[in-house]
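Descriptive structure summary
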Amino acid sequence: MKRKPMILKIFENDRGGQIVLGVLAVVVLYVTFANLLFSEGSFLHISTYTVTLLGKYLAFALLALSLDLVWGYLGILSLGHGAFFALGGYAWAMYLMLQIGDRGVYGNAELPDFMVFMNLQELPWFWYGFEYPLFAFFMAMFVPGLLAFVFGWFAFKSRVTGVYLSIMTQALTYALMLAFFRNDMGFGGNNGLTDFKDILGFSLQDDGTRVLLLILSFLALVLGYLISRYIINSRLGRVAMAIRDGESRVRFLGYRVESFKLFIFVVSAVMAGVAGALYVPQVGIINPNLFSPLFSIELVIWVAIGGRGTLYGAIIGAFIVNYASTYFTSALPEVWLYALGGLFVVVTLYLPKGIVGIVKKEKNVTAVS
Amino acid sequence: MLPLYHENEKNVGDLKQGSRILLVDGVTLSFDGFKALNNLSFSIDYGELRCIIGANGAGKSTMMDVVTGKTKPDSGEVIFGQAVNLLQMDEPAIAEVGIGRKFQKPTIFSGHTVFENLELAIKDDKRFFKTLFANLKGEQRDKIEETLELIGLQELSKKSASILSHGQKQWLEIGMLLVQDPKLLLVDEPVAGMTPSEVEKTGEILTSLSGNHSVVVVEHDMEFIRSIAKKVTVLHEGSVLAEGNMKDIQENEKVRHVYLGE
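Residues numbered from 1 in each chain as written. Chains lettered and ligands numbered in written order. Predicted model: local features only at pLDDT ≥ 70, side-chain atom pairs only at ≥ 80, totals over all residues. Heavy atoms only, no water.

A surface patch of nonpolar side chains, amounting to about 890 Å² of accessible area, comprises Tyr132(A), Phe135(A), Phe138(A), Phe142(A), Leu146(A), Phe149(A), Val150(A), Trp153(A) and Phe154(A). Here Phe135(A) is to be found in helix α6 (residues 133–157). (Patch = residues over 30% accessible without salt bridge, like charges linked within 9 Å, V, L, I, M, F, W, Y side chains within 5 Å. Areas by Shrake-Rupley, 256 points an atom, 1.4 Å probe, with all protein chains shown as cover. Salt bridge = Lys/Arg side-chain N within 4 Å of Asp/Glu carboxyl O. Helix = DSSP H or I, 4+ residues; strand = E, 2+ residues; numbered from the N terminus.)

As structure tokens, then:
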């Protein structure tokens with residue numbers, strides 16, 4: 001018998017993942033060609049605005065995926081996952097800031113504009129090294145991972161669970177938001193970091209760069225999905241679900257619960273950090289609002305609406321809610337927050353398994369009859 | 001600092017028929033002034049099947065909590081094998097050294113299939129990195145199949161554990177204990193909610209286990225205890241009231257007074 005390649009094994013029995021990622025692949029390919037091959041004005045052309053929007057949704061989908069890993073499978077409702085996303089975003093934004101060079105308003109080749117404005121004479125020490133893309137990208141993963149490790153180490157060792165843990169994650173992101181809002185933190189205060197010009201030598205204004213970022217975001221999402229699915233399919237994944245369903249029982253079976261939680265929490269934070277690093281160049285700005293508890297809670301709503309504990313449900317949820325958000329905030333801005341709140345209530349009451357749950361239920365019904 | 005695994009292995013020592021496997025010595029534990037355990041002392045021999053009885057609040061479940069590391073006592077000593085100090089260890093370490101537990105309320109993982117429940121319990125390296133790449137070995141798979149047959153759940157092995165009846169859940173948990181292959185099994189009310197034929201079969205399983213394992217059964221069902229017990233320990237208000245064979249216990253004045261209410 002020939003052994004199947006690992007990638008196919010991961011997708012075995014995962015119709016939902018095959019469909020969702022397959023559809024996304026087609027959409028990304030279509031958008032890529034429609035943007036690059038057809039000139040503006042042709043009715044087949046797809047605007048660069050749409051390309052960027054899709055790229056942003058993909059980054060959010062990766063973030064939602066990372067949350068589903070800890071919430072759906074490990075049972076930890078993190079209300080502060082936006083913090084890991086924002087930290088990854090800031091790390092990569094620091095690289096982008098240092099690429100501006102003397103093209104800023106003040107024309108200072110050494111310092112970003114906001115530092116000149118604040119009368120800083122030289123780069124603060126924690127900005128050192130961020131001119132190197134590899135270092136910056138490493139930090140975009142390392143910093144969120146380290147924060148998750150330290151936070152998880154103390155929280156899980158002291159066996160904080162449930163609502164208390166959720167509140168602590170919320171406090172964590174809130175504290176970071178307050179810190180990043182301060183101008184003297186050295187991260188641009190409430191204006192955040194913006195005005196990026198180049199990424200790895202390519203102009204961010206180019207359609208080609210935008211399309212490349214879109215494709216990279218898609219590949220990152222696929223990779224994140226494969227890693228998550230691999231973990232969930234392994235025995236470690238089954239231990240994680242067992243922890244979700246009966247933590248103390250798992251201990252009596254001989255599993256050191258804290259290590260399992262810590263591992264998945266850190267993997268998830270790193271994934272969120274990568275998502276943040278992909279988000280920043282496409283959106284063109286990062287500011288402390290990403291640390292706000294509101295954003296993290298919205299993120300939980302995406303996953304709940306899509307259907308938690310399925311991985312692909314998180315991706316669906318991220319797309320649907322963000323598409324709705326884009327549509328409503330331009331068409332009916334005053335209605336959006338009510339619509340989001342209403343949607344969440346409806347889903348919680350009538351669709352405990354989210355949108356994915358509807359499809360699955362119908363399939364079960366047909367299977368029985 | 002937790003003792004290292006190989007040290008524990010060494011300290012368990014050479015277990016043979018008749019040597020002591022568990023010593024509980026002078027253990028006291030109070031909750032807000034109420035002494036749940038009061039200078040509790042007893043020991044279990046290797047290969048023995050021991051029943052522990054006692055009224056509600058006598059300290060049976062608390063005693064199990066102390067032995068399995070869930071609760072730390074105020075004073076006293078709990079020694080496993082020749083020299084493993086259980087009071088210094090946490091739950092996973094105690095499970096690893098060879099103590100398995102079945103809870104009063106069947107606690108199985110309802111999100112998993114019957115087979116997966118056994119897979120999670122099976123004796124193996126349980127460090128997180130190992131489980132990421134773990135595969136069932138041939139003999140482990142055989143062991144699970146064998147256990148499924150013993151507990152009568154082969155047909156349901158691919159079904160979610162949440163659909164099991166109460167009695168089946170009890171057996172699944174016993175099965176989890178079996179594949180874990182501990183040296184000492186602590187079994188809390190194994191026959192609660194079982195039909196008479198199920199009770200009988202559970203008794204057979206537990207009896208067949210003793211010999212190669214030590215089994216401690218906490219039960220309320222006196223008939224069940226009569227059917228399996230060789231030696232019985234009676235707990236009362238957190239300490240041992242009497243110990244001996246079933247006949248002696250039934251004739252014991254103190255026991256009749258406090259436990260049987262006569």
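Time to look at the domain arrangement of chain B. Residues and elements named next belong to chain B. One can read the domain layout of chain B as domain 1 (1–98 + 182–262) and domain 2 (107–181). Distance from the C-alpha centre of domain 1 to the C-alpha centre of domain 2: 24 Å. Taken together, the 18 residues of domain 1 in the interface contact 12 residues of domain 2. A combined buried area of about 1200 Å² lies between domain 1 and domain 2, and 65% of that area is made up of carbon and sulfur atoms. The three residues of domain 1 that bury the most area against domain 2 are Pro182, Lys201 and Ile205, which together make up 39% of that side's buried surface. Our count for the domain 1 to domain 2 interface comes out at 5 residue pairs in polar contact (both at pLDDT 80 or more). Considering each element in turn, the side of domain 1 that touches domain 2 owes the most residues, 5 residues, to helix α8 (residues 196–209). Of the residues belonging to the side of domain 1 that touches domain 2, the class tally is 11 nonpolar, 3 polar and 4 charged. (Domains from an automatic or database assignment. Contact = heavy atoms within 4.5 Å. Buried area = accessible area lost by both parts, 1.4 Å probe. Polar contact = N/O pair within 3.5 Å; in protein donor to acceptor, adjacent residues only side chain to side chain. Nonpolar A, V, L, I, M, F, W, Y, C, P; charged D, E, K, R; others polar.)

What follows concerns the sheet that holds strand β7 (residues 184–188) of chain B. Residue and element names in this part refer to chain B. The 6 strands lie next to each other as β6-β7-β8-β3-β9-β10, forming an open sheet whose pairing is mixed. Looking along the sheet, the strands with just one partner apiece sit at the ends: β6 (99–102) and β10 (239–244). Strand-to-strand twist in this sheet, taken as the mean axis angle between neighbours without regard to direction, amounts to 20°. Direction of pairing for strand β9 (residues 231–236) relative to β10: antiparallel, over a ladder of 5 bridges. By the bridge assignment for β10, Val232 is matched with Gly244. In the packing of helix α7 (residues 166–180) onto the sheet, the strands contacted are β6 and β7, and the crossing angle to β6 comes to about 175°. (Pairing = 2+ DSSP bridges. Axes fitted to C-alpha atoms, helices over the stretch in contact; angles between N-to-C directions.)

This part is about the interface of chain A and chain B. Listed per partner, the contact involves 23 residues of chain A and 31 residues of chain B. Interface area, chain A with chain B, both sides summed: about 2700 Å², of which 62% is carbon and sulfur. Connecting chain A to chain B are 6 salt bridges. Across the pair Asp90(B) and Arg256(A) runs a salt bridge whose closest N-O atoms are separated by 2.8 Å. Linking chain A with chain B are 13 residue pairs in polar contact (both at pLDDT 80 or more). Counting only elements with at least two residues in the side of chain A that touches chain B, the list comes to α8 (207–233), α9 (235–252) and α10 (257–283) of chain A. Its residues assigned to classes, the side of chain A that touches chain B comprises 12 nonpolar, 4 polar and 7 charged.

Here the focus is the side chain of Ser214(B). Residue and element names in this part refer to chain B. Mapped onto the elements, Ser214 comes out in strand β8 (residues 214–218). For Ser214, the side chain forms a polar contact with the main-chain oxygen of Asp45, separated by 3.2 Å. One polar contact links the side chain of Ser214 to the main-chain amide nitrogen of Gly47, over a distance of 3.1 Å.

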